[in-house]
Amino acid sequence: MDNNKSNLLNRIRNSDVYFSFKKSPTAIISSIILAIIFFCSFFVELVVPYNPFDPSSLSLMEAFTPPSWTENGLSKFILGTDGQGRDMLSTILYGSRISLIVGFSAIIFSLVLGVGLGLTAGYFGGKYEMFVMRLTDVQLTVPSILMALLVDGIARGIISREMHDEMAIYVLIFAIGISEWPQFARVSRAATLVEKNKDYVSASTIIGVSNLVVMFKHILPNIMRPILVIGTIGLALAILAEATLSFLGVGVPPTTPSLGTLIRLGNDFLFSGEWWITFFPAIFLVLLAFSINLLGDWMRDTLNPKLN
Amino acid sequence: MIKYFFKRLFQSAVVMLIVAFVSFSLFNFVGDPINNMVGEETSDEERSQLRESLGLNDPVHIQFSRFIVNASKGEFGISYQLRRPVSELITERLPATIELVFISALIALVSGTLLGVYTGINRKGFFSDIILAISLLGVSLPTFVIGILFIYLFAVILGILPSFGRGEVVDLGFWSTGFLTTTGLKAIILPSVTLSLFQMTYIIRLVRAEMMEILQTDYIKFAKARGLSEKSIYYKHALKNGLIPVITIAGINIGTLIAFSIITETVFQWPGMGFLFIQAVQFVDIPIMSAYLFFIAFVFVMINFIVDILYYFIDPRIRVKAEAASG
Amino acid sequence: MSFLKINNLSVEYKMRRETVHAAKNINIEVSKGEILGLVGESGSGKSTVGNAIINLIDEPGKVSNGTIHLGEINIHDDLENIIKYRGKKIGLIFQDPQTSLNPIFTIGEQLIETIQTHLKLDIKQAKDKAINLLKEVGIKDAEQRFNNYPHQFSGGMRQRVVISLALCCEPELLIADEPTTALDVSIQSQILDLIKKLTKERNLAVILITHDMGVIAETTNRVAVMKNGNLVEIGQTKEILTKPKQTYTKSLVSSVPPTNKKISRFIIVEKENQPTNNTNIKILNRWTKKEIIKQDLVEVKNLYKSFDDSFFTESSKNIVMAVDDVSFKITEGESFGLVGESGSGKSTIAKMIVNLFKPSSGDIYFDKTCITKIKSNKEMMKFRKQIQMIFQDPYSSLNGRLKVEDIIAEPIKLHNPSIKNEDLKNYIFDLLESVELAPNSSTRYPHEFSGGQRQRISIARALATQPRLLVCDEPTSALDVSIQAQILNLLKDLQEQLNLTILFISHDLPVVRQMCDRIGVLRNGKLCEISNSEDLFENPKHEYTKELLRLMPKIETIYN
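Residues numbered from 1 in each chain as written. Chains lettered and ligands numbered in written order. Predicted model: local features only at pLDDT ≥ 70, side-chain atom pairs only at ≥ 80, totals over all residues.

Draft legend 1. Examining the overall build of chain C more closely. A count of helices and strands for chain C gives 19 helices and 20 strands. Against the compact-globule benchmark of 24 Å for 560 residues, chain C has a radius of gyration of 26 Å, which places it among compact chains. Burial statistics for chain C: of 560 residues in total, 46% are counted as buried. (Helix = DSSP H or I, 4+ residues; strand = E, 2+ residues; numbered from the N terminus. Rg over C-alpha atoms; globule rule 2.2 N^0.38 Å. Buried ≥ 20, exposed ≤ 12 C-beta atoms within 10 Å, placed from the backbone.)

Draft legend 2. Broad picture of the overall build of chain A. Within chain A one finds twelve helices and zero strands. Listing each helix as α and each strand as β along chain A from the N terminus yields α-α-α-α-α-α-α-α-α-α-α-α. Projected onto its principal axes, the C-alpha positions of chain A cover 75 × 50 × 35 Å. Evaluated residue by residue, chain A yields a buried proportion of 49% over its 308 residues. Considering only intrachain contacts with a sequence separation of at least 6, the fraction spanning at least 24 residues in chain A is 69%. (Contact = placed C-beta atoms within 7 Å.)

Draft legend 3. Fine view of the packing of helix α5 (residues 86–121) of chain B against helix α8 (residues 182–215) of chain B. Residues and elements named next belong to chain B. Following both chains from N to C, one finds α5 and α8 inclined at 35°, their axes separated by 6 Å at the closest point. When you trace α5 past α8, the crossing you get is right-handed. When its residues are assigned to classes, the contact of α5 with α8 shows 19 nonpolar, ten polar and two charged. (Axes fitted to C-alpha atoms, helices over the stretch in contact; angles between N-to-C directions. Left-handed = near helix turned anticlockwise from the far one by under 90°. Nonpolar A, V, L, I, M, F, W, Y, C, P; charged D, E, K, R; others polar.)

Draft legend 4. The arrangement of the sheet that holds strand β8 (residues 205–210) of chain C in detail. Residues and elements named next belong to chain C. Strand order in the open sheet formed by six strands is β6-β7-β8-β3-β9-β10, and the pairing between neighbours is mixed. Strands at the two margins of the open sheet, each flanked by one partner only, are β6 (90–93) and β10 (230–236). This sheet shows a mean twist of 15° between the axes of neighbouring strands, independent of strand direction. Contacts from helix α6 (residues 155–167) reach β6 and β7 (173–177) within the one sheet, and its direction differs from that of β6 by about 165°. (Pairing = 2+ DSSP bridges.)

Draft legend 5. Structural detail: the packing of helix α12 (residues 276–303) of chain A against helix α6 (residues 126–140) of chain B. Taken N-terminus to C-terminus, the directions of α12 of chain A and α6 of chain B make an angle of 125°; their axes are 8 Å apart at the nearest point. As far as their axial angle goes, α6 of chain B and α12 of chain A are oblique. Read as a crossing pair, α12 of chain A and α6 of chain B show a hand that is right-handed. Two secondary-structure elements touch here, α12 of chain A through V286, A289, F290, N293, L294 and D297 of chain A and α6 of chain B through L136, L137, V139 and S140 of chain B. Classifying every residue of the contact of α12 of chain A with α6 of chain B gives seven nonpolar, two polar and one charged. (Parallel < 35°, antiparallel > 145°, perpendicular 65-115°, else oblique.)

Draft legend 6. Up close: the pairing of strand β9 (residues 222–227) of chain C. Residue and element names in this part refer to chain C. Taken across its six residues, β9 has five buried, putting it largely inside the fold. Bridging between strand β3 (residues 35–39) and β9 involves four bridges; their strand directions are parallel. Paired with L38 across the strands is A224, a residue of β9. In the sheet, β9 pairs with β10 via six bridges, with the strands oriented antiparallel. Its bridge partner being in β10, M226 is matched across the sheet by L231. The hairpin formed by β9 and β10 contains two residues between the paired strands, and N228 there has a positive phi angle of roughly 50°.

Draft legend 7. Local environment of the interface of chain B and chain C. With 25 residues of chain B in contact, the opposing surface of chain C contributes 28 residues. Of all the secondary structure elements, the ones that give two or more residues to the side of chain B that touches chain C are α9 (218–225), α10 (230–267) and α13 (316–325) of chain B. Residue composition of the side of chain B that touches chain C, by class: ten nonpolar, seven polar and eight charged.

Draft legend 8. Structural context of the environment of L285 of chain A. Position of L285 of chain A relative to the elements: it lies in helix α12. Overall, the presence of 28 C-beta atoms within 10 Å leaves L285 of chain A in the buried class. Each C-alpha atom, one on L285 of chain A and one on L193 of chain A, is 37 Å from the other, the two residues being 92 residues apart in sequence. Sequence-distant contacts of L285 of chain A, that is, excluding residues within four places in its chain, are made with A243 and L259 of chain A together with V145 of chain B.

Draft legend 9. The interface of chain A and chain B, seen in detail. Contacts between chain A and chain B engage 38 residues on the former and 37 residues on the latter. Of all the secondary structure elements, the ones that give two or more residues to the side of chain A that touches chain B are α6 (126–140), α7 (144–158), α10 (211–247), α11 (259–267) and α12 of chain A. Per element, the largest residue contribution to the side of chain A that touches chain B is ten residues, and it comes from α7 of chain A. Residue composition of the side of chain A that touches chain B, grouped by class: 25 nonpolar, nine polar and four charged.

Draft legend 10. Representation of the pairing of strand β4 (residues 61–70) of chain C in the model. Residue and element names in this part refer to chain C. With eight bridges joining them, strand β1 (residues 4–14) and β4 adopt antiparallel strand pairing. Of the residues in β4, the one forming a bridge with L4 is L70. In sequence, β4 turns back onto strand β5 (residues 73–74) through a hairpin of two residues, with G71 there showing a positive phi of about 60°.

Draft legend 11. Structural detail: the sheet that holds strand β15 (residues 369–370) of chain C. All names here are of chain C. Overall, antiparallel pairing links the four strands, which are arranged β12-β11-β14-β15 in an open sheet. Here the strands that pair on one side only, and so sit at the sheet edges, are β12 (320–331) and β15. Relative to strand β14 (residues 361–366), strand β11 (residues 296–307) is paired through five bridges, and the arrangement is antiparallel. Considered in β14, the bridge of V298 is made with F366. The strands touched by helix α11 (residues 346–353) within the sheet are β11, β12 and β14, with β11 carrying the most contacts at an inclination of about 120°.

Draft legend 12. Main features of the environment of P179 of chain C. Residue and element names in this part refer to chain C. Within the secondary structure, P179 is located in the loop between β7 and α7 (185–202). P179 gets classed as buried once you count the C-beta atoms within 10 Å, which come to 27. Between the alpha carbons of P179 and Q159 there is a distance of 7.8 Å; along the sequence they are 20 residues apart. For P179, the residues in contact, after removing those within four places along its chain, are I93, Q95, Q159 and I191.

Draft legend 13. Highlighting the nonpolar core. Counting residues in hydrophobic clusters, the biggest one holds 324 residues, and the most contacted among them are F277, M289 and I296 of chain B together with V206, I353, V471 and L503 of chain C. Here the element with the most residues in this core is α10 of chain A; it accounts for 18 residues. Leave out the neighbours within four places in its chain, and V471 of chain C touches A350, I353, V354, I387, M389 and L503 of chain C. (Core = buried A, V, L, I, M, F, W, Y, C linked by C-beta atoms within 7 Å.)

Draft legend 14. Broad picture of unusual backbone geometry. Residues and elements named next belong to chain C. Residues other than glycine seldom take positive phi values, yet D141 does so here, at roughly 50°. Judged by local crowding, D141 falls into the exposed class, with 10 C-beta atoms found within 10 Å. A positive phi angle, close to 65°, is found at N355, a residue other than glycine.

Any functional reading would require information beyond the geometric quantities listed.
Listed below in structure tokens is the structure:
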């Protein structure tokens, strides 16, 4: 067993991917930034002293405190406070957790749906493939942000108003997830078509391996690379889509704000000079998306040089 | 040619029909249209009367064909929230959106293609690295953040450009344009640049990838082996092949810009269709939502159709394939 | 007096771990009116030399040393300016005519542009010249075809267009890099004849890069043999092929399947694997040994297959009959060969026999049972076990994500789910041994093996179900000739020991002659004739067979 493990480690160490990672400062820096952001967001209780959603810790006296390095700043609020006296840093990290949860859930949802449909469509072909591909065509006719807005709008029509805030986050995950799946379906179908014609698939069929095993044991691992690449870029897109929807006021409600919600709420104070309330969440969001995109860009070059 | 043309037309019609069905289902099955149209105090009798008069008791296929007929005439009923015909609201807002999208598409396509070709040819130059780094930052910046940044910079701090609205517009009867006044022209700068940035970075990366792939092909190598000049190899042999997919990109680009104009219009309070739509979503104003969906899909399908026809004239491979098919 | 003088040419690729020397101190001379063959296996650096002459090496490679004289001029003196010799003094032809031409310009536009780049001619004169050239390379209706796009030409015609483009500015040196490898035998001989004719008429100096010793023997005056970036031997073609001095050249020549006789084994001079010399391989103990009764194991009756995919593509007409009324029988224990050019339907037949495709009509009987009509999966599994296949491309026939032991274990476990782990392990070792691979191969991944070794793994996997019929679909055509010889030897040994029945599919007539007892010749989906191997080669009956035999490059021509 131990032998196996060190074998795997050696394999990773000897692989071209690892070599390219070591050689790429952008890949290393962006993964470090992402590791820090993920850690601080998911273990936010351990990282910051305030819980901005605990009403007892709020004080309106301390509202609109600018960042600590400016004239009126307080050292206990490094990035200042918002209109309700909530510590910006804490609020941002709590918000980032919501954004990440929505982003990851949405992208996993669309990945499972898209890869499932794309893989089976590419493998079985025929009318089923036609149907799935036409479906992606039709959906691609509707841009993803519009799709998400529509789903959200429909959900508002179906779900009662009281339930809406509670359900908002699930609606959002579904709305973003459903708008991204065609990408996964197309890429995994195209990759499956290539793999299906390779002889190892024929060999498995001739041996008598069942379709299900051929698809998931043989083909799936071989098409994972392009899927991982668009999955990474898709994660950045999903996080941005969440922020956009929340900014437009149809996403996460202000009671549990995400980064987008924070930017929208802060936007109202921009003209009166309280720039930090909107700028810090925005900078944080861009840093997050930029790091993911840098990593995705590196992955695209390393894992799949032919993918556009 | 004619067969190819009709085949594409037929495919477009099928897509439109599916979208129409979705729009129709939206209208009919999400919430109760009657509830949305009348107040609380309306009696049950009045409600069923209204239901009858709107034809909501007819079989679904009759309702659907009526919906298609109305949609093709541009009629989508009456807005729940604004109590005005949807067609009227849309024609009122259309010019603002079209002008915004037109300018943005121009910026995105022209600069995106130029920079993409440049970075594709000069793979390792200093400027290429800068352009690529910026373009990656560009896809990481959500449109609304760019908008806020621009407003803060150019409206709040510098105070040289307006932060909202279209400025003065000139009414030409069927069209209201902001192109003819200084304030109108000034007003469109920030929103159109904001809207185009995301698309532009996307186009840069696509065109660059395309150019790089073409420069690896055997026919470019063979052209080099024949001693053709670099100028001819890059700007004639590679570029012409590289520009073929740009047509597709341009098509998708325009549709996406219309969708993303929702965000830009919200940030800049631009009185266009996107602004109308986002309000509709917030108030569950189904007629506007379904009309908007229908409209966007129509634009998309039309653009795709035109792109396919353009391909026919530009790419000899498709032309021959299509001719062989139609005998 | 030599026209081209290559002196101490070296090409390096700076890779991540080391610098690869793709060519090391190469010295070659070529005179006008002479064709020099540059031969070697993959990775020998033969194409590198061809490209280095006009400094067309892909990044990160570069010419690190050497001079190249054309007549009196050293064209590598000023690498920046070498572009003016490309096309003008030196013409280059690449392997694949499908991808060598820009798809969106007509061939006329491409010709005129090239002509006007180097020669001071106006449009009219350039066009006249281009049309004359097209006629010279054998394109009919040159005036009309001048305005056609590349995809409107067949593969052979397209290669003629490529040649006309390479020659349009009257270069004195022509470098042809595997110019016929992508083409069928019948087209190949036409293109080679054309190159020979042009060499004579235009007094060209020609370098013909190829891996095919038959082509070398029939076409070249002198030959240079390369291995791992080194020039092994250079001299008159006849000298080199009949009296090779170097060990490597000897092994190369002895690996080439002779076209005029059947030999029992190939003589292997340098071996990729450790020889095991086991006369009795261990998997025999597991083999459910059956007495060989001379009965028909496979019977194919009136087989048809058409690919009608008009539903998905633009073309609704011209349903192509890939297989058109084919019938034959294979006796248990024999090797049956199917030969044909591309598009003859030979692979399609193989895929129907192993049940990857269903025939459009007709039946396939295996051991007296009609396997094309089996509906139940369970019933089918019985036959899956008995019919196995080896594929052409060793790089795609193994799943790169699985270890060798998992690849071989899959069929064993599937057909014998109760097998104990210990037994399974031993079985895998026995199988690896039978294909002459070391036991420690089992824990490695496919990418750690060479093409020939992968093909051995593929064979081990096929043997794991103890099949009676082994379908080999071009099993060696992706391999170098020395590796091919080893794999063919292995297949012969296995067949002898395990009493396998083999269906051997190939486009390569000499290989089929070495491997098969009986041969069927296919053309456009139709079976032309079936004969015993020796009869077919000595007394072909069908016109098409005669033509194929006449056109195939024969290494033996050099002895006459």
